[in-house]
Amino acid sequence: MATERQELRATNRAFDTIANWMKAGTNEGISFEISRLTDDLFTDSFLGGGDASRFTASGRRGKLASQLSNAYILASGGGVPQQFPIQFTFNLNTGKATGSWNNPVTNQAETVTITLTFFKTATQAEGKYYIFYGDRSSDKAGYAITFLLL
């Protein structure tokens with residue numbers, strides 16, 4: 001099992017790689033996927049994602065911002081999942097993600113700040129995946145966030 005120091009080192013290396021991918025300016029971009037797991041699967045857990053290619057250089061690494069991004073909440077009656085827009089910013093300097101959305105089930109505006117920890121990479125034909133988890137969030141939910149470098 002990795003120590004906290006090893007996790008931090010691996011997380012920083014992953015953020016360095018993502019930042020350098022965007023700083024190069026020659027790559028297609030980054031897509032992201034996010035899953036949120038709470039104690040109620042049909043009210044506020046969701047699966048979503050979209051484009052995270054809006055890069056702003058700042059500090060050591062910079063920030064990514066999502067665009068054209070949506071999430072889905074399962075319908076409790078087995079119907080079509082409810083779709084809704086989500087907005088996330090990923091601060092590669094601090095390792096924090098901030099998100100906001102309007103929950104279509106509760107009709108409430110929601111926000112979150114998530115501390116990201118690197119988990120692993122996976123390489124597929126479409127590109128390289130960087131997988132993070134967020135078990136420390138302002139809303140006490142569990143998160144998995146994956147970046148696909150295109």
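Keep in mind the model is a prediction, meaning the values are calculated, not measured. (Residues numbered from 1 in each chain as written. Predicted model: local features only at pLDDT ≥ 70, side-chain atom pairs only at ≥ 80, totals over all residues. Heavy atoms only, no water.)

**Comments concerning the pattern of salt bridges**
How we decide: Every case where a carboxyl oxygen of Asp or Glu lies within 4 Å of a side-chain nitrogen of Lys or Arg is listed as a salt bridge. Per the convention used, a helix needs a DSSP run of H or I reaching at least four residues, while a strand needs a run of E reaching at least two, with both numbered from the N terminus. Using a 1.4 Å probe on the protein chains alone, a residue whose accessible area is under 20% of its type maximum counts as buried, one over 50% counts as exposed, and one in between counts as partly exposed.
Evaluation of the coordinates by the stated rule reveals four salt bridges. Close ionic contact of Arg61 with Asp16 constitutes a salt bridge, the shortest N to O distance being 2.6 Å. Residue Arg61 is found in the loop between β2 (46–56) and β3 (63–73), and its partner Asp16 is found in helix α1 (residues 4–23); the two are separated by 45 residues along the sequence. With relative accessibility at 3%, the residue Arg61 sits in the buried group. With a shortest N-O distance of 3.3 Å, Glu110 and Arg36 are connected by a salt bridge.

**Focus on unusual backbone geometry**
Even without being glycine, Asn107 reaches a positive phi, approximately 55 degrees. Looking at the element boundaries, Asn107 is found in the loop between β5 (96–103) and β6 (108–124). On the basis of relative accessibility, which here comes to 66%, the residue Asn107 falls in the exposed class. Phi is positive for Lys140, which is not a glycine, with a value near 65 degrees. Here Lys140 lies in the loop between β7 (127–137) and β8 (142–149).

**What about the packing of aromatic side chains?**
The test is simple: Stacked, edge-to-face and tilted are the three classes for Phe, Tyr and Trp ring pairs, Trp counted by its six-membered ring, which pair at centre distances within 6.5 Å; planes under 30 degrees apart are stacked, over 60 edge-to-face, the rest tilted.
All chains considered together, the criterion is met by 11 aromatic pairs. When the centroid spacing of 5.3 Å and the interplanar angle of 65 degrees are considered together, the rings of Phe32 and Phe90 count as edge-to-face. On the criterion of sequence distance, the pair formed by Phe32 in strand β1 (residues 30–37) and Phe90 in strand β4 (residues 82–91) is long-range, its members being 58 residues apart. When the ring of Phe118 is compared with that of Phe132, the centres are 5.6 Å apart and the planes differ by 70 degrees; the resulting orientation is edge-to-face. A residue pair is termed long-range when its members are at least 10 positions apart, and Phe118 in strand β6 and Phe132 in strand β7 qualify at 14 residues. Side by side, Phe118 and Phe132 carry an identical accessibility label, which is buried. Grouping aromatic residues by their ring pairs yields a cluster made of Phe15, Phe32, Phe46, Phe84, Phe88, Phe90, Trp101, Phe118, Tyr130, Phe132 and Phe147.

**With respect to the nonpolar core**
What counts here: Remark: nonpolar core denotes a set of buried residues (Ala, Val, Leu, Ile, Met, Phe, Trp, Tyr, Cys) joined through side-chain atoms within 4.5 Å. Throughout, a residue-residue contact means that at least one pair of heavy atoms, one from each residue, lies within 4.5 Å.
In this structure, Ile18, Ile34, Phe88, Phe90, Ile114, Phe132 and Phe147 are the most contacted members of the largest nonpolar core, which totals 32 residues. It is α1 that contributes the most residues to this core, six residues altogether. Residue contacts for Phe90: discarding those within four places in its chain leaves Phe32, Ala52, Gly62, Lys63, Leu64, Lys96, Ala97, Leu116, Ile145 and Phe147.

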